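Single-letter residue listing:
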Amino acid sequence: FCLMAVPGKVAAFHLPPLPTVGEIIKLFRLKAQKQLSQNFLLNLRLTDKIVKQAGNLKNAHVCEVGPGPGGITRSILSAGVEQLLLIEKDARFLPGLQMLSEAAPGKVHIVHGDILTYKMEKAFPKHLKRNWEDEPPDIHIIGNLPFSVSTPLIIKWLENVSRKDGPFIYGRTQMTLTFQKEVGERLTANPGGKQRSRLSVMSQYLCTVENCFVIPGEAFVPKPEVDVAVVHFTPLVQPKIEQPFELVEKVVRSVFQFRRKYCFRGIETLFPESGRLKRTEQLMMTADVDPTLRPFQLSMSQFRNLCNTYRKMCDEDPGLFVYNYREELRQKKKKRNSLKRTNQPVHAEEENQL
């Protein structure tokens, strides 16, 4: 590798001449696996553009998720990072990544593991920690995520944000990640937008979410059936809903359960059948939410009111939070099937509910 020293200026890092990403793929006979929803990005101009969205990475500590053949990895190293942690589940990519590691001595640490289970609390040096109210730490998470893990992973990280643990034990760690274009639109959709969804509310109540740009599908190998969005997340100092993540998720999931119906229809599923209507009315009146709004029309402040009111109702009735609408339906179906087997009549009202 080469460090070009210029008097009075910080030395810039340059990777030595290396095989191209395409040549690495051929050299190690790498093939994208459809079942792992892998798509390689070979265009280094685009990988540079992704890395640029993360901000200034000079002397930063970066974790790249699923580096694959190492296209984005090269762009991250070229940005002059201090340390780069690579977490790769697929062992086939490790030799190519090792080649990059050797080209940047002391900068790269490779972990063969699954990001969904990897403990990030100890991934970075302790001196990088910042108070939550301070500017974000000099730590960044970057990744061209396989479509199959992108949504469960961002939900996991959003839960980490709410608890200030995992990669957010260091402060408001920023993330720059790829998603299917449609998922990117959901993450950033405003109230009233056709893409407004559970994901919109869950991400925006905890983070500033920016849809940076869209990469056409043909830029990837193999070409996916969809375009890809690059999305940047910065955790908020103060969440827009100050309730436990599990409670917010339960309320938001219930509201969007019947997306095309009035919002009260989904809110009903928060309550057991006995007293359901009365408690739904109580929740909506106290939260000052119009029951005839559709789920995607609700503002963040209306979701906040619903969560705060539901929390009070749960405090008054400790058994309420553990109530599960789907489990109640399962039990009813079981009972109905049992009655049918014994030739006993099933009430019409029960039949309709099921």
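Residues numbered from 1 in each chain as written. Predicted model: local features only at pLDDT ≥ 70, side-chain atom pairs only at ≥ 80, totals over all residues. Heavy atoms only, no water.

1. Some words on the overall build of the chain
- Regarding its fold elements, the chain presents 13 helices and 11 strands.
- Looking at the chain residue by residue over its 354 residues, the buried ones come to 47%.
- Sequence separation of at least 24 residues holds for 68% of the intrachain contacts in the chain that already meet a minimum separation of 6.
- As presented, the chain carries roughly 18100 Å² of accessible surface, and 51% of it is formed by carbon and sulfur atoms. (Helix = DSSP H or I, 4+ residues; strand = E, 2+ residues; numbered from the N terminus. Buried < 20%, exposed > 50% of the residue type's maximum accessible area, 1.4 Å probe, protein only. Contact = heavy atoms within 4.5 Å. Areas by Shrake-Rupley, 256 points an atom, 1.4 Å probe, with all protein chains shown as cover.)

2. Quick word on the environment of Pro 146
- Among the secondary structure elements, Pro 146 is positioned in the loop between strand S7 (139-143) and helix H5 (147-163).
- A residue is classified by how much of its surface remains accessible, and Pro 146, at 23% relative accessible area, is partly exposed.
- Taking C-alpha positions, Pro 146 is 9.7 Å from Val 65, a pair spaced 81 residues apart along the chain.

3. Regarding the UniProt feature "binding site: S-adenosyl-L-methionine" (unreviewed entry) in the chain
- The positions that UniProt labels "binding site: S-adenosyl-L-methionine" (unreviewed entry) are, in the present scheme, Asn 39, Leu 41, Gly 66, Glu 88, Asp 114 and Asn 144.
- With respect to the helices and strands, the residue Asn 39 is situated in the loop between helix H1 (21-27) and strand S3 (40-41).
- Those residues within four positions of Asn 39 in sequence are excluded, and the remaining contacts are Asn 144, Phe 147, Phe 220, Val 221, Pro 222, Lys 223 and Pro 224.
- Mapped onto the secondary structure, Gly 66 falls in the loop between strand S4 (61-65) and helix H3 (71-78). (UniProt positions renumbered as here; feature names shortened; annotations may be inferred.)

4. Section: the packing of aromatic side chains
- Tallied over the entire structure, the rule returns five aromatic pairs.
- Seen in terms of ring centroids, Phe 124 and Tyr 170 are 5.5 Å apart; in terms of plane orientation they differ by 85°. Their pairing is edge-to-face. With Phe 124 in the loop between strand S6 (108-112) and S7 and Tyr 170 in the loop between H5 and strand S8 (174-180), this residue pair connects regions lying 46 residues apart in the sequence.
- Between Phe 256 and Phe 303, the aromatic rings sit 6.0 Å apart at their centres with planes inclined by 15°, giving stacked as the arrangement. Highlighted residues: Phe 256 in the loop between helix H8 (245-255) and helix H9 (263-267) and Phe 303 in helix H11 (residues 300-316), separated in sequence by 47 residues.
- Its relative accessible area of 0% is what places Phe 303 among the buried residues.
- Here Arg 265 stacks its cationic end above the ring of Phe 258, 4.4 Å away from the centre of that ring. (Phe/Tyr/Trp six-rings, centres within 6.5 Å; stacked < 30°, edge-to-face > 60°. Lys NZ or Arg CZ within 6 Å of the ring centre and 35° of its normal.)

5. Let's talk about the pairing of S7
- With five of its five residues buried, S7 lies for the most part within the structure.
- Handedness of the β-α-β unit built from S7, H5 and S8 comes out right-handed. (Right-handed = clockwise from strand over helix to strand, strands pointing away.)

6. Points about the packing of helix H10 (residues 276-287) against H11
- At a minimum axis separation of 9 Å, H10 and H11 run at an interaxial angle of 130°. Between H10 and H11, the angle falls in the class oblique. The two elements H10 and H11 meet at a crossing, and its hand is right-handed. Residues Arg 279, Gln 282, Leu 283, Thr 286 and Ala 287 of H10 lie in contact with H11, whose contacting residues are Asn 305, Leu 306, Thr 309, Tyr 310 and Met 313. (Axes fitted to C-alpha atoms, helices over the stretch in contact; angles between N-to-C directions. Parallel < 35°, antiparallel > 145°, perpendicular 65-115°, else oblique. Left-handed = near helix turned anticlockwise from the far one by under 90°.)

7. Overview of the environment of Val 252
- Structurally, Val 252 can be placed in helix H8.
- Linking Val 252 and Val 201, residues 51 residues apart in sequence, is a C-alpha distance of 7.5 Å.
- In contact with Val 252, not counting residues within four places along its chain, are Arg 198, Val 201, Met 202 and Phe 303.

8. Looking at the pairing of S4
- A large share of S4 lies buried, amounting to five of its five residues.
- Taken together, the five bridges between S4 and strand S5 (residues 83-88) define a ladder with parallel strand orientation. Across the sheet, the residue bridging to His 61 is Gln 83, located in S5.
- You can see the chain leave S4, run along H3 and come back into S5, and the turn it takes is right-handed.
- One ladder, built from five bridges, connects S4 with S7; its direction is parallel. Considered in S7, the bridge of Cys 63 is made with Ile 141. (Pairing = 2+ DSSP bridges.)

9. Here we look at the nonpolar core
- By size, the foremost hydrophobic cluster in this structure holds 62 residues, and its most contacted members are Trp 157, Leu 177, Phe 179, Phe 233, Ile 267, Leu 306 and Tyr 310.
- Residues from two domains meet in this core; each of domain 1 (21-235) and domain 2 (245-337) gives at least three.
- In this structure Leu 306 touches Val 251, Val 255, Ile 267, Leu 283, Ala 287, Val 289 and Leu 298, once residues within four positions along its chain are discounted.
- Of all hydrophobic cores here, the second largest spans 28 residues; its members include Val 62, Ala 219, Val 228 and Val 230. (Core = buried A, V, L, I, M, F, W, Y, C linked by side-chain atoms within 4.5 Å. Domains from an automatic or database assignment.)

10. Some words on the side chain of His 61
- Relative to the helices and strands, His 61 is located in strand S4.
- Since its relative accessible area comes to 8%, His 61 is described here as buried.
- Beyond its immediate sequence surroundings of up to four residues, His 61 is in contact with Glu 82, Gln 83, Phe 124, Pro 125, Leu 128, Asp 138, Ile 139 and His 140.

11. Some thoughts on unusual backbone geometry
- Positive phi, close to 55°, is recorded for Lys 164, a residue that is not glycine.
- Tracing the backbone through its elements, the reader meets Lys 164 in the loop between H5 and S8.
- For Lys 164, a relative accessible area of 41% gives the class partly exposed.

12. Details of helix H2 (residues 44-53)
- Those residues of H2 not exposed but buried are Leu 46, Thr 47, Ile 50 and Val 51. Looking straight down H2, one finds its buried side chains confined to an arc of 140°; they lie on one side. Of the exposed residues in H2, those oriented more than 90 degrees away from the buried face are Arg 45 and Lys 52.
- For H2, the elements touching its buried residues are S3, H3, S7, S8, strand S9 (207-215) and strand S11 (228-235).
- Remark: Gly 55 follows H2 within two positions and exhibits a positive phi of approximately 100°. (Arc of directions from axis to C-beta.)

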